[in-house]
Amino acid sequence: QVQLVESGGGLVQPGGSLRLSCAASGFTFSSYAMSWYRQAPGKERELVARISSAGGRTNYADSMKGRFTISRDNAKNTVYLQMNSLKPEDTAVYYCKAVGRKDYWGQGTQVTVSS
């Protein structure tokens, strides 16, 4: 069955970095664009970044440009989100999403930015 398993979340101080991973299985990963979303308490889920199926094109939400980097390794069926210069407002549950013939979501990983 399809699985998207996020990992790498945790507690980090402002200005710190985290690298999230999303391991995929059960579908042809290399045929799917992949996205990261996040949802903060009381807020709607928002797009963080997107990467094309082959990895050649990336897009970012304006507030993440220059701080976050999305990448993927199709040999490992994994997409990553490198997050630098983290701010308290980056605190949220981060989800990966596979975008293709059908869309699939992971269960999310909590990122908390606090001193």
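Computed from a prediction, not measured in an experiment: that's the story for all the values here.

Enquirer: Help me understand the pairing of strand S11 (residues 109–113) in this model?
Expert: One face of the sheet, then the other: side chains in a regular strand alternate in exactly this way. Alternating positions in S11 separate cleanly, Thr109, Val111 and Val113 being buried on one face and Gln110 and Thr112 remaining unburied on the opposite face. Direction of pairing for strand S9 (residues 92–99) relative to S11: antiparallel, over a ladder of 3 bridges. Bridge pairing in S11 links valine 93 to glutamine 110.

Enquirer: What's the story with the environment of leucine 47 in this structure? I'm lost.
Expert: Residue placement: leucine 47 occurs in strand S5 (residues 46–51). Judged by its relative accessible area of 27%, leucine 47 is partly exposed. Along the primary structure leucine 47 and asparagine 59 are separated by 12 residues, whereas in three dimensions their C-alpha atoms are 9.7 Å apart. Contact partners of leucine 47, with chain neighbours within four places excluded, come to Ser35, Trp36, Tyr37, Ala61 and Met64.

Enquirer: Help me understand the nonpolar core in this model?
Expert: Across soluble globular proteins, nonpolar side chains show a tendency to be buried alongside one another. Core analysis: the biggest nonpolar cluster contains 29 residues, and Leu4, Met34, Trp36, Val79, Leu81, Met83 and Tyr94 have the highest contact counts within it. Taken together, the elements giving at least two residues each to this core come down to strand S3 (18–25), strand S4 (33–39), S5, strand S7 (68–73), strand S8 (78–83), S9 and S11. Apart from residues no more than four positions distant in its own chain, leucine 4 is found in contact with Cys22, Ala23, Ala24, Phe27, Met34, Cys96, Lys97, Ala98, Tyr104, Trp105, Gly106 and Gln107.

Rules of the game
- Residues numbered from 1 in each chain as written.
- Predicted model: local features only at pLDDT ≥ 70, side-chain atom pairs only at ≥ 80, totals over all residues.
- Heavy atoms only, no water.
- Buried < 20%, exposed > 50% of the residue type's maximum accessible area, 1.4 Å probe, protein only.
- Helix = DSSP H or I, 4+ residues; strand = E, 2+ residues; numbered from the N terminus.
- Pairing = 2+ DSSP bridges.
- Contact = heavy atoms within 4.5 Å.
- Core = buried A, V, L, I, M, F, W, Y, C linked by side-chain atoms within 4.5 Å.

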